[in-house]
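The primary structure of each chain is shown beneath.
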Amino acid sequence: MTKVQLQETEHATPTESIRIGVYVCHCGLNIAGSVDCEAVAKFAATLPYVVVSKDYRYTCSEPGQELIRSDIKEYKLNRVVVASCSPRLHEPTFRRVCEDAGLNKYLFEMANIREHCSWVHLHDRESATEKAEDLVRMAVARAALLEPEEENTVPITRKALVIGGGVAGIQAALDLADTGYHVYLVERDPSIGGRMAQLDKTFPTMDCSICILAPKMADAGRHPNIELLTNSEVQEVKGYIGNFKAKVMKKPRYVTDECTACGDCVPVCSVTVPNEFDVGLSTRHGIYIPFPQAVPSTYIVDRELCLNKENIIVCDKCIKACERQAIDFEMKPEILELEVGTIVVATGADVFDPASLVEYGYTKFPNVITSLEFERLINAGGPSGGHIIRPSDMKIPETVAFIQCVGSRSERGHLYCSNVCCMNTIKDSLLIKEHWPETKIYVFYLDIRAYGKGFEDLYKRAKKEGVLFIRGLPAEVIEDRKTRNLWLIGENTLQQELYRINAEMAILSIGIEPRKDSAVIQRLLTLSRTQDGFFMEAHPKLRPVDAPTGGIFLAGCAESPKDIKDSVTQASAAAARASILMAKGKVTVEAITPRLIEENCTVCGLCARVCPYNAIIFDKEAKRVEFIEAACGGCGTCAAECPFDAIKMRHFTDEQIFAQIDAATQLDAEKKIIAFCCNWCSYAGADFAGVSRMQYPTNVRIIRTMCSGRVAPKFVEYAFARGAAAVLVSGCHIGDCHYINANYQTLKRVEKLWKKMERLELNKDRLQLEWINASEGERLASKIREMQAIVGSVSAEEIENSKKMMRKG
């Protein structure tokens, strides 16, 4: 441990006696990684402002936290740096430790030497340790310029919006309503219920699906705290945590609340179309109720099919048939403006369309059906009255084949496992055996995944009942033109022999996929999506139902494929998280918002034009610029746009970023890549690369910003002026920005920098722009490997030229 006198930096001079404590954590670094933590701790002791430096096995444990608390008091520390895992994981933990010891939490900094160093450089201990030392140097340089910050509080609207009326949305709405909060439950279909309403039975208990669901639907429909908005869509969401303003378009049903669901209007309607609820296996009329247990139990007119068009009544049969005079073709769409404090996203999922897998003959051979179509056939309220019949001749099949993983675990569908298909097939096979015990059933599978409570027992029961499980999916399904039977041809990989099996019906166990309108919800709520297309949670272990956007929570299959039990569990968890937030009555705004330096401001208005939240009031006549802190997301785009240095971003100041660049380029700058990564996507992607042990070169140094829009051209120019070989600017994909559209400004600025480099006759390939989301760790690793080749091609003369030219501007 050493004490070092204050040193001035090029961009800022600390104005107080800085006393920094550095703590290097061994967790996942020495044994599972490649960094010499003891060497890093000794190195940290030599850095400016560091008065104590220690290495400890588990710094996040209670003894480790107590070590920091006691050192803050003993050594009078006014800054703390922990070198360990990602700040996205344990920054809140160590911030609380600092607060417990009386230190402002914004005087804490983390160096990510696990996910960004040790785990991605497993086979080069020496270089990984050198990089870890650099990362600690960067963290200390930034910590020396940190300032104490105070967070403002804003009141929370104690109302919730639940988007999606499936079982997850219903459960979340009921839990919130029972807690005492007013809930708006928005469902785009005419009835709540979702996919679960289409199922016959549920696994592993084999309970009647609608028997379980219908009471919950009824409870939601009549709960005094739930305002049910069916046949409605969210069109716009503005605001921030605790204070969202949503616009919902409520489409007319053309049937009023006077409807008693008698059904007299249906027989007289001359329009018939395939019934969506029965997956096209039956028909419905132009006026209809989705299913008998629908909530609300009010009929609806499908105006796209109805003969009556706007202002023109050519058919009045249903109007005459309705004794209650409940049909009103004058009804208009309504735009409802809702103010809520929290939002639960429970939009559900779609099912895979197997028509693209031509080898299975779906839509070509009538006796090849999907598992969802089977659910409607086997259901007593379905089109066949609960009889499993062959579409070709309406006979009950004596031999049935189930084909697993259709659309899942395949490059021709989706790479992920859909979670429910194995158990759903086992349940369906038992249903067939229950009604027709003599039916011969084959299940062709890759792996049977019976992982849940009671799942293995159900699997064993199916085998005991005589269901034959064959490992190996059919390569082809061929139809016998005379009998319309099917030949399934493939290889049994356990017995290592070919099979050719005849079945009278084949059922494709189709997987789950993200809803087609997920991109719309993503844009409205500024959410992130995984590589698979499902909505991404803030942290898979610590905040599994929180969205990255504060005040928004995820439930059900919108987040990932899951069964009914897990959907309900997650819905209750999301409701609990939303309730905790609303129970507080107020929320603190993180102190990462901008401050105006009035003497530098020329009231040009550039900042207001690029703000994605419209959080800047610009009045040219009054020569006034004002920031609405509660509406600000803290992206920093305004500060990067300001050409007069009139905006200071709290906790992510220009000086702090310059200090990190200084520290990163202090040694061997000509070999290094400086990467600016946005907190929500590309930095998280780098974390994912670490967790997945994706290996890439050791010469990259990552600087975290809240948004790629914070990366001002002067940061890139300064990195080159310091001799950096290459610079990477990375952030969310265009159209997928956590800060709405701030990354459009990133693109514009980088394009201008490329033009400038061309004008200065510098190799513009040294500046790379890459869009990387939180699940694309391999994309980041590949980009760094690609840039390593560029670094190797940059000559010493090129480095010197860029130093001179970028300094001149």
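The rules behind these values
Residues numbered from 1 in each chain as written. Predicted model: local features only at pLDDT ≥ 70, side-chain atom pairs only at ≥ 80, totals over all residues. Heavy atoms only, no water. Helix = DSSP H or I, 4+ residues; strand = E, 2+ residues; numbered from the N terminus. Rg over C-alpha atoms; globule rule 2.2 N^0.38 Å. Buried < 20%, exposed > 50% of the residue type's maximum accessible area, 1.4 Å probe, protein only. Contact = heavy atoms within 4.5 Å. Areas by Shrake-Rupley, 256 points an atom, 1.4 Å probe, with all protein chains shown as cover. Lys, Arg positive; Asp, Glu negative; His and termini not counted. Charge placed at Lys NZ, Arg CZ, Asp CG, Glu CD. Pairing = 2+ DSSP bridges. Axes fitted to C-alpha atoms, helices over the stretch in contact; angles between N-to-C directions. Phe/Tyr/Trp six-rings, centres within 6.5 Å; stacked < 30°, edge-to-face > 60°. Lys NZ or Arg CZ within 6 Å of the ring centre and 35° of its normal. Domains from an automatic or database assignment. Buried area = accessible area lost by both parts, 1.4 Å probe. Salt bridge = Lys/Arg side-chain N within 4 Å of Asp/Glu carboxyl O. Polar contact = N/O pair within 3.5 Å; in protein donor to acceptor, adjacent residues only side chain to side chain. Nonpolar A, V, L, I, M, F, W, Y, C, P; charged D, E, K, R; others polar. Patch = residues over 30% accessible without salt bridge, like charges linked within 9 Å, V, L, I, M, F, W, Y side chains within 5 Å. Right-handed = clockwise from strand over helix to strand, strands pointing away. Disulfide = S-S within 2.5 Å.

Participant: Is there a simple way to think about the overall build of the chain in this case?
Facilitator: When its secondary structure is counted, the chain shows 20 helices and 38 strands. Computed over the C-alpha atoms, the radius of gyration of the chain is 31 Å, within 12% of the 28 Å expected from 2.2 N^0.38 for a compact globule of 809 residues. Seen through its C-alpha atoms, the chain measures out along the principal axes to roughly 90 × 70 × 55 Å. Within the chain, the fraction of its 809 residues that count as buried is 58%. Residue pairs in contact within the chain that sit at least 24 positions apart in sequence constitute 73% of those at least 6 positions apart. Looking at the chain as shown, the accessible area adds up to about 34100 Å², and 50% of this sits on carbon and sulfur atoms. Distance between charge centroids for the chain: 1 Å, based on 99 positive and 106 negative side chains.

Participant: Whenever I open this one, the sheet that holds strand β23 (residues 468-471) confuses me. Can you help?
Facilitator: Across a sheet, paired strands are connected by hydrogen bonds in the backbone, their directions being either parallel or antiparallel. Strand order in this open sheet of five strands is β20-β27-β21-β22-β23, and the pairing throughout is parallel. Single-partner strands in this sheet number two, and they are β20 (368-370) and β23. Strand-to-strand, the axes of this sheet are offset by a mean angle of 25°, without reference to chain direction. For strand β21 (residues 399-406) and strand β22 (residues 440-445), the ladder comprises five bridges, and the chain directions are parallel.

Participant: Just to check I follow, could you spell out the packing of aromatic side chains for this structure?
Facilitator: The relation between two aromatic rings is expressed through the spacing of the ring centres and the mutual angle of the planes. Counted according to the given criterion, the structure contains 15 aromatic pairs. With a centroid separation of 5.4 Å and 75° between ring planes, the pair formed by Tyr 451 and Phe 455 is classed as edge-to-face. A residue is classified by how much of its surface remains accessible, and Tyr 451, at 47% relative accessible area, is partly exposed. Here the aromatic residues Phe 658, Phe 676, Phe 715 and Tyr 718 are joined through ring pairs into a cluster of three or more. The ring of Tyr 254 carries Arg 303 above its face, with NZ or CZ at 4.6 Å from the centroid. A cation over a ring is seen here: Lys 463 above Tyr 459, with NZ or CZ 4.5 Å from the ring centre.

Participant: Can you walk me through the pairing of strand β27 (residues 505-510) in this structure?
Facilitator: Among the six residues of β27, six are classified as buried, and the element is accordingly described as predominantly covered. Residues Met 505, Ile 507 and Ser 509 of β27 are buried on one face, and the alternating residues Ala 506, Leu 508 and Ile 510, pointing to the opposite face, are buried as well. Sheet topology places β20 next to β27; three bridges connect them, and they run parallel. Each residue of the ladder has a partner; that of Val 368, found in β27, is Ala 506. Across five bridges, the pairing between β21 and β27 is parallel. Bridge pairing in β27 links Phe 402 to Ile 507.

Participant: Looking at this structure, I do not really get the domain arrangement of the chain. What am I missing?
Facilitator: You'll often see interface size given as the accessible area lost when the parts meet. Taken domain by domain, the chain holds domain 1 (1-151), domain 2 (152-251 + 333-348 + 519-589), domain 3 (252-332), domain 4 (350-513), domain 5 (593-634) and domain 6 (665-809). Domain 1 puts four residues into the contact, and the matching count from domain 2 is seven residues. Of the roughly 410 Å² buried at the junction of domain 1 and domain 2 (both faces included), carbon and sulfur atoms supply 52%. Of all residues in domain 1, the largest losses of buried area upon contact with domain 2 belong to Arg 88, Leu 89 and Glu 151, amounting jointly to 93% of the total for that side. At the junction of domain 1 and domain 2, the tally comes to zero salt bridges. For the interface between domain 1 and domain 2, the tally reads zero residue pairs in polar contact (both at pLDDT 80 or more). Counted by class, the side of domain 1 that touches domain 2 contains one nonpolar, no polar and three charged residues.

Participant: Please explain the pattern of salt bridges as it appears in this structure.
Facilitator: Pairing between side chains of opposite charge can happen when the charged atoms of each approach one another. Within the structure shown, the criterion is met by 56 salt bridges. In this structure, Glu 147 engages Lys 648 in a salt bridge whose closest nitrogen and oxygen atoms are separated by 3.0 Å. Here Glu 147, found in the loop between α4 (125-143) and β5 (152-155), pairs with Lys 648, found in strand β34 (residues 647-649); they are 501 residues apart in sequence, far enough to count as distant. Between Asp 546 and Arg 577 there is a salt bridge whose closest N-O contact spans 2.7 Å. Highlighted residues: Asp 546 in the loop between α11 (518-525) and β29 (552-554) and Arg 577 in helix α12 (residues 564-584), separated in sequence by 31 residues. Salt bridges sharing common partners tie together Arg 188, Glu 233, Lys 251, Arg 515 and Asp 517.

Participant: Even after reading the chapter, I still don't get a nonpolar patch on the surface, so can you show me in this structure?
Facilitator: On the surface, Leu 307, Ile 312 and Val 314 cluster together to form a nonpolar patch covering roughly 280 Å² of accessible area. Within the secondary structure, Leu 307 sits in the loop between β16 (300-301) and α7 (317-321).

Participant: Explain the sheet that holds strand β2 (residues 50-56) here, please?
Facilitator: Strand order in the open sheet formed by four strands is β2-β1-β3-β4, and the pairing between neighbours is parallel. On the outer flanks of this sheet lie β2 and β4 (108-112), each paired with one strand and no other. Strand-to-strand twist across the sheet, computed as the mean angle between neighbouring axes with direction ignored, equals 15°. Across five bridges, strand β3 (residues 79-84) lies against β4 in parallel orientation. Note that in β4 the partner of Ala 83 across the bridge is Ala 111. Against the sheet, helix α1 (residues 37-44) makes contact with β1 (20-25) and β2, and its axis sits at roughly 175° relative to β2, the strand it touches most. Strands in contact with helix α2 (residues 62-74) are β1, β2 and β3; relative to β2, the strand with the most contacts, it is inclined by about 165°.

Participant: How should I be thinking about the pairing of β23 in this particular structure?
Facilitator: Regular strands place side chains that alternate from one sheet face to the opposite one. Summarising the sheet, β22 and β23 pair through four bridges and their orientation is parallel. Each residue of the ladder has a partner; that of Val 443, found in β23, is Phe 469. Each parallel crossover has a hand, and the one from β22 via helix α10 (residues 455-464) to β23 is right-handed.

Participant: I tried to follow the state of the cysteines on my own but got confused; where do I start?
Facilitator: Inspection of every chain in the model, using the stated rule, returns one disulfide. A disulfide bridge connects Cys 208 with Cys 211, and the sulfur atoms are separated by 2.5 Å. An S-S torsion of about 75° defines the bridge between Cys 208 and Cys 211 as right-handed. Distance from the sulfur of Cys 604, which forms no disulfide, to the nearest cysteine sulfur (Cys 642) is 6.1 Å. Accessibility expressed as a relative area gives 29% for Cys 604, which makes it partly exposed. Of the cysteine sulfurs around Cys 737, a residue in no disulfide, the closest is that of Cys 707, at 4.2 Å.

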